[in-house]
Amino acid sequence: MASSTNTIASDLLPILRVYQDGTVERFLDSPFVPPSPDDPTTGISSKDTTISPLVSARLYLPKPSALTHQRKLPVLVYFHGGGFCIGSAFSSLCHDYMNSLVSQAKVIAVSVEYRLAPEHPLPAAYEDSWTALQWVASHSLKDTVDKDPWLTESGDFDRVYIGGDSAGANIAHNIAIRAGMEGLFGGVQILGAFLSQPYFWGSNPIGSELVLGHEQNLLYRMWTLGYPSAPGGIDHPMINPFAHDAPSLSGIGCSRLLVCVAEMDELRERGVRYAKAVRESGWGGELELFEVLGEGHCFHVGNLGSDSGKNMVNRLASFLQ
């Protein structure tokens, strides 16, 4: 807890507060929970692993019965949301969400614990996420060490997916762009990516976005806090895929793409425009835009038990199958 005498440097309520001594108070984080060898609701097994000195992850494995009809399972590398500043792969929210998704999709999931801003400014989260994906891809090679047996024994590296919600969806987009440029270990290809209510923004309002107070918008300020040295600021290609110097969307390194938006989400129009821009870019993959009516940002993560939450998880699971 920050001292009452400590001066506030940045106030991004209701999400977090940063003090001049570097202390950060996060107000929306859910408590951490341990992994489980047998989740009582879904039967999913989970465990934590260290990928590098800076990156860790929680792995999820379906019940053995999921392997009765197919020897190998698709692999999902998942990036949690939170504006790059809050959230964790080890939080109760993320853990419950992954158990539900893995149970329905019958995939092995690697939920990445990347470093958070402002203590670790961007591009740290992007680099950590890339490290995690390359670690997963390295399991396709015979001569690598430090392999995880769940991945080597049950993972199908011809069916690798990435995905995320909000900032995690932003990460998934940027990782897919990088994979298209650089490639992955073992020649692994990303089969598909889902972007759920992706966090994209820019200096110029689009559609129904408010012009007045645009620079004071929390989405604008969150990026500035997370990446204060970003060339181009809020029009850096990683937050604004429509920026003039952004890489062509035709280079997205996967063959299937699911973009999910929510009617009441402030980020909706950016997601719709992104899907349209990908279609018009010359990208040769299969794209679907999926919209949920009457719901707001990341409704499904915070309310898994609702009808809309269940339907959203079902749609993601269908995509991964």
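Residues numbered from 1 in each chain as written. Predicted model: local features only at pLDDT ≥ 70, side-chain atom pairs only at ≥ 80, totals over all residues. Heavy atoms only, no water.

## A short note on the sheet that holds strand β3 (residues 24-26)
- The 3 strands lie next to each other as β1-β2-β3, forming an open sheet whose pairing is antiparallel. On the outer flanks of this sheet lie β1 (8-12) and β3, each paired with one strand and no other. The average angle at which neighbouring strand axes cross in this sheet is 10°, direction not considered.
- Note that strand β2 (residues 16-19) and β3 share 3 bridges and pair antiparallel. When the bridges of β3 are listed, V18 appears paired with V24.
- Contacts between helix α5 (residues 218-226) and the sheet are confined to β1 and β2, with β1 contributing the most and set at about 140° to the helix. (Pairing = 2+ DSSP bridges. Helix = DSSP H or I, 4+ residues; strand = E, 2+ residues; numbered from the N terminus. Axes fitted to C-alpha atoms, helices over the stretch in contact; angles between N-to-C directions. Contact = heavy atoms within 4.5 Å.)

## Re the pairing of strand β10 (residues 254-262)
- By the criterion of burial, β10 is predominantly enclosed, with 7 of the 9 residues buried.
- Of the strand pairs in this sheet, strand β9 (residues 190-196) and β10 are connected by 6 bridges, and their pairing is parallel. Following the sheet pairing, F194 is matched in β10 by L258.
- Each parallel crossover has a hand, and the one from β9 via α5 to β10 is right-handed.
- Pairing of β10 with strand β11 (residues 286-292), which is carried by 7 bridges, proceeds in the parallel orientation. For C260, the partnering residue across the bridge sits in β11 and is F290.
- Tracing the backbone out of β10, into helix α6 (residues 268-280) and back to the parallel element β11 gives a crossover that is right-handed. (Buried < 20%, exposed > 50% of the residue type's maximum accessible area, 1.4 Å probe, protein only. Right-handed = clockwise from strand over helix to strand, strands pointing away.)

## Considering the nonpolar core
- Counting 74 residues, the largest nonpolar core has I162, Y199, W223, I252 and L257 as the members making the most contacts within it.
- Every residue in contact with Y199, bar those within four places of it in the chain, is listed here: G83, F84, S166, A167, N170, L219, M222, W223, I239 and L267.
- Formed by 28 residues, the second largest nonpolar core is a distinct cluster that contains Y97, Y161, L258 and C260. (Core = buried A, V, L, I, M, F, W, Y, C linked by side-chain atoms within 4.5 Å.)

## Quick word on the pairing of β9
- When you tally the buried positions in β9, you get 6 out of 7 residues, the bulk of the element.
- As paired strands, strand β8 (residues 155-165) and β9 are joined by 6 bridges and run parallel to one another. Looking across to β9, one finds that G164 is bridged to L195.
- In terms of handedness, the path from β8 via helix α4 (residues 167-182) over to β9 forms a crossover that is right-handed.

## Some thoughts on the side chain of N174
- The topology assignment puts N174 in helix α4.
- Excluding anything up to four places from it in sequence, N174 contacts Y126, P237 and M238.

## What to know about α5
- L219, Y220, M222, W223, L225 and G226 are the residues of α5 that are buried.
- Each element contacted by the buried residues of α5 is listed here: β1, β2 and α2 (124-138).
- Where α5 begins, the capping side chain belongs to N217, and its oxygen is found 2.7 Å from the backbone nitrogen of L219. (Polar contact = N/O pair within 3.5 Å; in protein donor to acceptor, adjacent residues only side chain to side chain.)

## Some details on the pattern of salt bridges
- Overall, the coordinates contain 12 salt bridges when judged by the stated rule.
- Notably, a salt bridge pairs R268 with E291, separated by 2.7 Å at the nearest N-O pair. In this pair, R268 is assigned in helix α6 and E291 in strand β11, connecting sequence segments 23 residues apart.
- The partly exposed category is assigned to R268, whose relative accessible area is 24%.
- Residue E291 is classed as partly exposed on the basis of its relative accessible area, which comes to 29%.
- A salt bridge links E288 to R315, with the shortest nitrogen-to-oxygen separation between them at 2.2 Å. Of the two residues, E288 sits in strand β11 while R315 sits in helix α8 (residues 307-320), which places them 27 residues apart along the sequence.
- For R315, a relative accessible area of 17% translates into the label buried.
- Taken together, the shared-partner salt bridges connect E127, R178 and E182 into one network. (Salt bridge = Lys/Arg side-chain N within 4 Å of Asp/Glu carboxyl O.)

## A few points about α4
- When the terminal C-alpha atoms of α4 are compared, their 22 Å separation across 16 residues agrees well with the 22 Å that a helix rising 1.5 Å per residue should span.
- Of all 16 residues making up α4, 12 are buried, and the element is well covered by its neighbours.
- Within the sequence span of α4, burial applies to A167, G168, A169, N170, I171, A172, H173, N174, I175, A176, I177 and A179.
- Summarising the contacts, the buried residues of α4 are in contact with β6 (73-79), α2, β8, β9 and α6.
- Where α4 terminates, the next one or two residues include G183, which has phi positive at roughly 80°. (Expected span 1.5 Å × (residues − 1).)

## So, the packing of helix α1 (residues 92-105) against α8
- Look at α1 against α8: their axes get within 8 Å of each other, and the N-to-C directions meet at 50°. Regarding the angle of α1 to α8, the classification is oblique. Here the hand of the crossing between α1 and α8 comes out right-handed. From α1, Y97, S100, L101, Q104 and A105 reach across to α8, where they touch V313, N314, L316, A317 and L320. (Parallel < 35°, antiparallel > 145°, perpendicular 65-115°, else oblique. Left-handed = near helix turned anticlockwise from the far one by under 90°.)

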